[in-house]
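Report on the structure
Okay, here's what each chain looks like letter by letter:
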Amino acid sequence: MALLSELSHYGPSICVKFVREKVLAGYGPFVHVYDSKNGQLLNVVRIFHINKVHGISVKNETIVIYGGKSVCVVKLLALMEKKDVSSDEKRCHEWIIDAVFHADDKRILILTSYNQVITCGYDGSIESVTGILGEKAILYSGSIRVLSKNEIYVNAGTVLEGIIIWDLIKEKTLLKLTGHEGSIFSVKTSDNGKLIASCSDDRSIKLWNFEDGRLLSTAWGHTARIWDLQFICDNKRIASVSEDSTCRIWRILETSELVLEETYNVHLIKSSWGVDVNEEKLVAATCGNDGKVVLTNLNQDGTMRQSLGSGLSSELAVRDMELGETEIIKGAFWLEFGIVVVTSMGRILKYSNSNSEWSAITEEPRFISFSVMTGIQSQGLILIWSSSGELLLMRFSQNGELIQRKNLSIRSMSKIMNCLLVLSGSDLMIAIESPNSRDPFMCVKLDPKTLDKTMQLSWPKPLKFVSTCLAVLDEKLVVGSRFSSVAVFDMACPNNEPVVWRNLTPGDAISSISFVECTSDEKSLFSVTNRDGFYAFVLLDFKKKSFSVLHNNRVSKGFLEGAFYNESGDYITYGFRSSLFYVFNETKQQEIATEVCGGAHRLWKFFPNLENDVSIFLYVRAKKLHVKKFSGLRTIVLNTGIHGREIRDLTLINKLNFKGLYLLCTGSEDTTVKLNLLDSKTGSIKTVWTQRKHTSGLQRCKFFGSNFMISSGAREELFLWEVNTSMNSNPYIRMLASLPTSSDSPDLRIMDFDFLGFEHFNDFLLATAYSDSAIKVWRYKQKCSKFELLVSGHYKDCCLLNIKFTMFDGKLHLIVSATDGMLILWDLNIVYSSLYERLISGSGAESLPTQSLPEFVSRISVHKAGVRAIDVKALSSKQVRIFSGGDDNALAMTDFKIIEGNHYACEVICRNQSASASTITSVGLFQNGQTLATTSVDQKVQFYNVSENELNIVGKRATTVADTGCLAALELEERAMILIGGMGLSVWNYEY
Amino acid sequence: MGKSSKDKRDLYYRKAKELGYRARSAFKLLQLDKEFQFLDGVTRVVDLCAAPGSWSQVLSKRLFEDADSVENSEKKIVAVDLQPMFPIDNVTTLQADITHPKTLNKIMELFEGQKADFVCSDGAPDVTGLHDLDEYVQQQLILSALQLTTCLLREGGVFVAKIFRGRDIDMLYSQLGFLFERVVCAKPRSSRGTSLESFIVCIGYKPPKHWVPKLDVNTSVETFFEGCGIGRLSLEDKLAGYSEEPRSIAEFISCGGLDSFDSDATYHDVPSNKPALDPVQPPTNPPYKRALELKRQGKLART
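Residues numbered from 1 in each chain as written. Chains lettered and ligands numbered in written order. Predicted model: local features only at pLDDT ≥ 70, side-chain atom pairs only at ≥ 80, totals over all residues.

Further remarks concern the sheet that holds strand 14 (residues 139-148) of chain A. Residue and element names in this part refer to chain A. As summarised here, the arrangement of the 4 strands in space is 14-15-16-17, forming an open sheet in which the pairing is antiparallel. Each edge of the open sheet is held by one strand with a lone partner, namely strand 14 and strand 17 (172-177). With strand direction ignored, the average angle separating the axes of adjacent strands in the sheet is 20 degrees. Note that strand 15 (residues 151-158) and strand 16 (residues 163-167) share 5 bridges and pair antiparallel. By the bridge assignment for strand 16, Tyr 153 is matched with Asp 167. (Pairing = 2+ DSSP bridges. Helix = DSSP H or I, 4+ residues; strand = E, 2+ residues; numbered from the N terminus. Axes fitted to C-alpha atoms, helices over the stretch in contact; angles between N-to-C directions.)

What follows is about the domain arrangement of chain A. The domains assigned to chain A are domain 1 (179-302), domain 2 (326-409) and domain 3 (749-915). Computed from C-alpha coordinates alone, the two centres of domain 1 of chain A and domain 3 of chain A are separated by 54 Å. (Domains from an automatic or database assignment.)

Quick look at the sheet that holds strand 28 (residues 293-297) of chain A now. All names here are of chain A. If you trace the 4 strands from one edge of the open sheet to the other, you get 26-27-28-56, paired in antiparallel fashion. If you trace the sheet from one side to the other, it starts and ends with strand 26 (272-278) and strand 56 (635-639), each paired once. Neighbouring strand axes in the sheet, compared pairwise and without regard to direction, differ in orientation by 20 degrees on average. Sheet topology places strand 28 next to strand 56; 4 bridges connect them, and they run antiparallel. The residue of strand 56 that forms the bridge with Val 293 is Asn 639.

Attention now moves to the interface of chain B and chain A. Contact with chain B, which involves 51 residues of that partner, is made by 73 residues of chain A. Within the residue set of the side of chain B that touches chain A, elements represented by two or more residues are helix 5 (131-152), helix 6 (169-177), strand 8 (240-241), strand 9 (251-255) and helix 8 (289-296) of chain B. For the side of chain B that touches chain A, the residue count by class is 22 nonpolar, 13 polar and 16 charged. Judged from the 2 bridges that link them, strand 9 (residues 90-91) of chain A and strand 8 of chain B form a sheet pairing that is antiparallel. Residue Arg91(A) lies in a different strand from strand 8 of chain B, and its bridge partner there is Ala240(B). (Contact = placed C-beta atoms within 7 Å. Nonpolar A, V, L, I, M, F, W, Y, C, P; charged D, E, K, R; others polar.)

Spelled out as structure tokens, the structure:
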């Protein structure tokens, strides 16, 4: 057997625990140790052979870790320094629900799923086994609370019979709490022994009196099952995590009522499993099914300590701004010293952070009723304009003194609808637009120091154009507009008509446009966002007046107001979602900040990325100005994880890489396709983009050619993607084409597809296999980015599982596998040759008629149930071999060959009926077809040596990845990287 | 089984409603029986974790096919579940805990002291999404069913139970192999290929000699099987170190015929305008019903 080693693992994390400033997180059989101060991963240590880590308890320097039937007592130092402590793994006869330290620091207490407590030494020597007669009920959850040597209470959360609280020392049932419906998922006693908190299937949190078992209160808020909870803040609050992927903070009032205080969207799609809070720092660590470990600062505003005060206030104090009865705020801007505001009475006021006071600057009757304010932070500059063409520029010093003011009047326009202010190099520019189509589009250049007008340019206003945002690069005004359009006005050639590009993204108004980078051939990459939730990276060629979209995507929900790359190269988006303003790290798929502001329809301004990682969100709600300060430190992602649900397929190829890292695409049940970068040395994976185009769970994704990728799923969804690795900022991916659909059945899945390119031509053939037994062959027409149906038909009515093109006897064939256990062969050469002839003869643009699928030429029954996975190897020009794994646990090798007189023969060469204990979900050849790897749902990966007539097993390893469903091998020099996908993703190194 | 639009797609789901079965899982037992013929000539049958009762419906139809048979008076079907069940012809329903000795006594009373020929269980816990925990809970459910089964199944009898073919399924195969002549993993066509669900068909019950199974509320499943040598871990004076537990792979059989309806396939022949059939039995009250009500009223919104 070759040398096999695990390089990295990504997958669900079930538990997380603070040890002072270190964070321990369970990942499969491993524990990750992080430093919460700088977010660094300090060590990865194997705890168990196979079982997963479900819980961690800490006492001083000693840690007890448990999961499944395994338990391990270990020193913190060993977790910091060793790579493997599984030799200390101890096994219990039953599933362990909780394991904690006894009061004497010499023993541990283990609660089993049958409501028994085992008291044993650190070495596993059993002292006693305690249970309560008649209370053997199976537990989903439970905890042991050690108050002192003689006060040890077991909180048992049963599947069917509510909560049982019993006294371990007296061996006696104290309370039976039966208020919940369904299984209990967590139950804890507060460390002062006064309260019990519990949660269950019924999605409520209940608070009970420990003394008499009285139900004190019930709280609702989570929208799915609640998995874990914990008393925090001196037992005055509760932190809970749920299947709804949020972490919530609840305040316990004097009346014992529970009030929902904060909701943090910490994880993706499904299930936040564990939570722990560092009481000193008031930081919550959570972990989830998506493999994320996230730190959330609960005390961002510093109000958490005032536990009975006004709660978590979101505002900085903005007091004493006196407005007249009918006076409202028309504009506001944040400068270094504080805030500048213009009101509907034309009053201009400022607020100084240093003395927390408002003062009037001036009163300008021309700004009565209508005015708009904008500005430039770095220049201390404010621009106020009115629709009649009055512009006022004001500059403030760092301590808030008004040091410069300048008036401008625009008389050449009938009315002003928009003024956009931008600083580019040494130019300050104001782009001015009128609602009147006969008025020009104007740009005024100012000297940034004196604010004197240096130049005034105007162009005829383009048709269907309503400006929304502006960027300036090399004398070009790049103006975003409604109708998803962008216009470029060339200031160097003011006589040239503006260039207008339409439909850059779906949706209507472009909400932001910002420059990203230049290419060596002088093209410029811009990030463009559309308010309707779409964003794109667009490469503009000012010389050729052309553009190309390199990347397109949409945000998960809500309106998108803008986006930018932060200092770490993460793409940050912000906008509104129902009543919230959100800031989201699109790269890490992490909500960074939210503010309940009432929604998008209000005056607001966002100032991202200020000094010290602070952002400011100004908004007006109910006539009042609110200021929300977001610290970039609210949320720290210790581990970005990967998909929130099962990975259904993964793909990578040698030739596609970016700065030495391999491009890896993963398609998941969570409906997203991720573009990731894989480090071939360490196996570390970093997600770059999460593409939201599919509306259903993925079935397959595969790279194709030099830079294409295809993904398929239910609702007949199949998308062709183009990958671009030529930029410096990031690799990019865009959806190029989608396959036409035939019905509106949401269940009709494209189970698999294959493609075949033609030398010297960009068109290619695509074969698709469907869940309704349909087989289709398409031609992709590169010229028009469309698929044309060439062949259509059905095999039978059973679901098809795999489809592969193969050239065989010099002719194009199609191999299909199905749920009826068959491998089926079609001769499709007529399709291939007629298309090839057209391409050669130059008449490729014409459409070909759709043919019906011919009768298959051969088939053979190989499996007793569905043929889940196949791989194909050509043995000679007349013989092709299929490796197949099935639902029936079998692995087989089958040959199709051409014998004399164009007859087909097929034969099962070998079949191992019990190759695995469960469905074989993927098979893959590597090492030039000499080695075959298989995965099966029993979480085994097996390697076989392929000989002429046999498959000889050379290796078998358990994988941590549950629901093991797909694999990919990347062949490198003298080794291969094996990637295993399912509920998580593992990267193994296989040395030849 | 509610009145959802899902039945327009799932053929077994729709067929179950048309034929009056309470759940599509009825076809799983029908297809298993077609393959193994384990219901031929049986007299006393126990259906564990029976609610809503579709397997009991199949058992009832199958055992009482011939309404005039003189043997009918001998035949007895007992369906046990913690949940209440609507009555089914020729089936005695017991709302009881399968791990409790009283339940065993009650069944033996109904069987007038004679042992059962066939015991089945289609039970499954609510899954959490933690694969290892879900699989463990399912195995505990099977072992609980097996406990009761060993107390009431005659030698040579048949035990059928739902399993999930996950990580440790081969350990269960190994354990069952000690108690039965033949252990088969069977997958009916009506069970989706994409699901881990399969059925363990254990034929020819052969309890170890000198082992007397004894149900007791205070003994765990582990203690129950101690001494019957099925290779389960037992508690001694020290927690054991890590060792591989015995595993074996059961024979696999696909049943229902590869030509019968494929539960993974998409069928188009159900006209989209055909009205949804009313459920045979209305769905039970889920524990999160109150939470759903609050959500509908908009009371679960964020702060």
